[in-house]
Amino acid sequence: MKFLKAQTLQDIATILACDFVGDANFPVLGMNEIHVVTPGDIVFVDHPKYYDKALASAATIVLINKKVDCPEGKALLISEEPFSDFNKLTNHFNPFKRATSVVADSAVIGKNTVIQPNAFVGNNVTIGDDCLIHSNVVIYDNTVIGNGCTIHSGTILGADAFYYKNRPEKFDKLISGGNVVLEDNVDLGALCTIDKGVTASTTIGEGTKIDNQVHVGHDTVIGKRCLIASQVGIAGCVVIEDFVTIWGQAGITSGVTIGEKAIISAQSGVSKSLPGYKSYFGSPADEFRKKYKELASIRLIPGIIDKLENL
């Protein structure tokens, strides 16, 4: 999430009422999660296990809960609660705005786009030309939809990320300040849910077609001309490259990459990154032929046991 106006390290420290290490005028351009940070961004870290990763990331401002050596060319914000302070910054720079109409006055709707009755279009939404938005679609604030998209009834774009910190007394929610982006000619079936990014965009690429009842988690990036069948569940921060096919009821864990032109068979469970140009099956998913050989071998086990017992 980039700020509308560049801030300084002193500005951010004042908002958080925290100490800092570095030049008071050090530029702060935005805030992001570690997998999408760029120079000028704030990243937060609150566990020693991840200090080195955060300090070595592309982020140039690290919101951290311990005074450590500051890498050259970077700055630190010292906070007792980096998680909570990251939320404070999200609320400050991207506060929730209540709706005042079913289609917000600030929404930009393109030529020949049809929005059916009972659809909701939130603040600062952009919808391109020649789109069809069916009844009971919900499009949260700041969503961007390209040209020639079709979205069927009951689909929701921009629900919060499923991201919580497990504290002794409760689950503490990380506030979502990102959005959803649909590129041109994307079709979404009925009852799909596309979560917004925590700080960046959940993106569905040009020409991708998604069937009914598919869930796409926060900050996932789906490439162009993918086919995703019904009841697929895709966790957050997944990268699905171009021309991938995923058949029904497959599940994909967070943070993995599925390579270009891969095919994931129905009811597969993807627990690790998979190279492209191959077909996969099973749980955990593996190459199609290899998995079927394993299943064939398993079927032989009862007969082998019988033979051993008769020796």
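Everything numeric here is computed off the predicted structure, so don't read it as measured data.

**Student:** Which residues make up the sheet that holds strand 31 (residues 263-264), and what values do they have?
**Tutor:** Strand order in this open sheet of 10 strands is 8-11-14-19-22-25-28-31-33-34, and the pairing throughout is mixed. Across the chains shown, the open sheet's two edge strands, defined by having one partner strand only, are strand 8 (114-115) and strand 34 (286-287). Examined bridge by bridge, strand 19 (residues 187-188) and strand 22 (residues 209-210) share two bridges and lie parallel to one another. Bridged to aspartate 187 within strand 22 is lysine 209.

**Student:** I'd like to hear about the packing of helix 1 (residues 9-16) against helix 3 (residues 82-93), residue by residue, with values.
**Tutor:** The interhelical angle for the contact between helix 1 and helix 3, taken along N-to-C directions, is 105 degrees, at an axis separation of 10 Å. Relative to helix 3, the element helix 1 is oriented roughly perpendicular. From helix 1, Ile12, Ile15 and Leu16 reach across to helix 3, where they touch Asp85, Lys88, Leu89, His92 and Phe93. Looking at the contact of helix 1 with helix 3 residue by residue, the classes come out as five nonpolar, one polar and two charged.

**Student:** Outline a nonpolar patch on the surface, supporting the account with residue identities and numerical values.
**Tutor:** A grouping of Leu300, Ile304, Leu308 and Leu311 is seen on the molecular surface, where their side chains present a nonpolar patch of about 480 Å² in accessible area. With respect to the element layout, leucine 300 can be found in helix 4 (residues 288-309).

**Student:** Lay out the packing of aromatic side chains in plain terms, naming residues and giving numbers.
**Tutor:** Considering all chains together, one arrives at seven aromatic pairs under this definition. Ring centres 3.9 Å apart and planes at 20 degrees place the aromatic pair phenylalanine 3 and phenylalanine 93 in the stacked group. Highlighted residues: phenylalanine 3 in strand 1 (residues 2-8) and phenylalanine 93 in helix 3, separated in sequence by 90 residues. Summarising the aromatic geometry, the rings of phenylalanine 288 and tyrosine 292 are spaced 5.0 Å apart at their centres and angled 45 degrees between planes, so their arrangement reads as tilted.

What counts and what doesn't
- Residues numbered from 1 in each chain as written.
- Predicted model: local features only at pLDDT ≥ 70, side-chain atom pairs only at ≥ 80, totals over all residues.
- Heavy atoms only, no water.
- Pairing = 2+ DSSP bridges.
- Helix = DSSP H or I, 4+ residues; strand = E, 2+ residues; numbered from the N terminus.
- Axes fitted to C-alpha atoms, helices over the stretch in contact; angles between N-to-C directions.
- Parallel < 35°, antiparallel > 145°, perpendicular 65-115°, else oblique.
- Contact = heavy atoms within 4.5 Å.
- Nonpolar A, V, L, I, M, F, W, Y, C, P; charged D, E, K, R; others polar.
- Patch = residues over 30% accessible without salt bridge, like charges linked within 9 Å, V, L, I, M, F, W, Y side chains within 5 Å.
- Areas by Shrake-Rupley, 256 points an atom, 1.4 Å probe, with all protein chains shown as cover.
- Salt bridge = Lys/Arg side-chain N within 4 Å of Asp/Glu carboxyl O.
- Phe/Tyr/Trp six-rings, centres within 6.5 Å; stacked < 30°, edge-to-face > 60°.

Function cannot be inferred from these measures alone, as they are strictly geometric.
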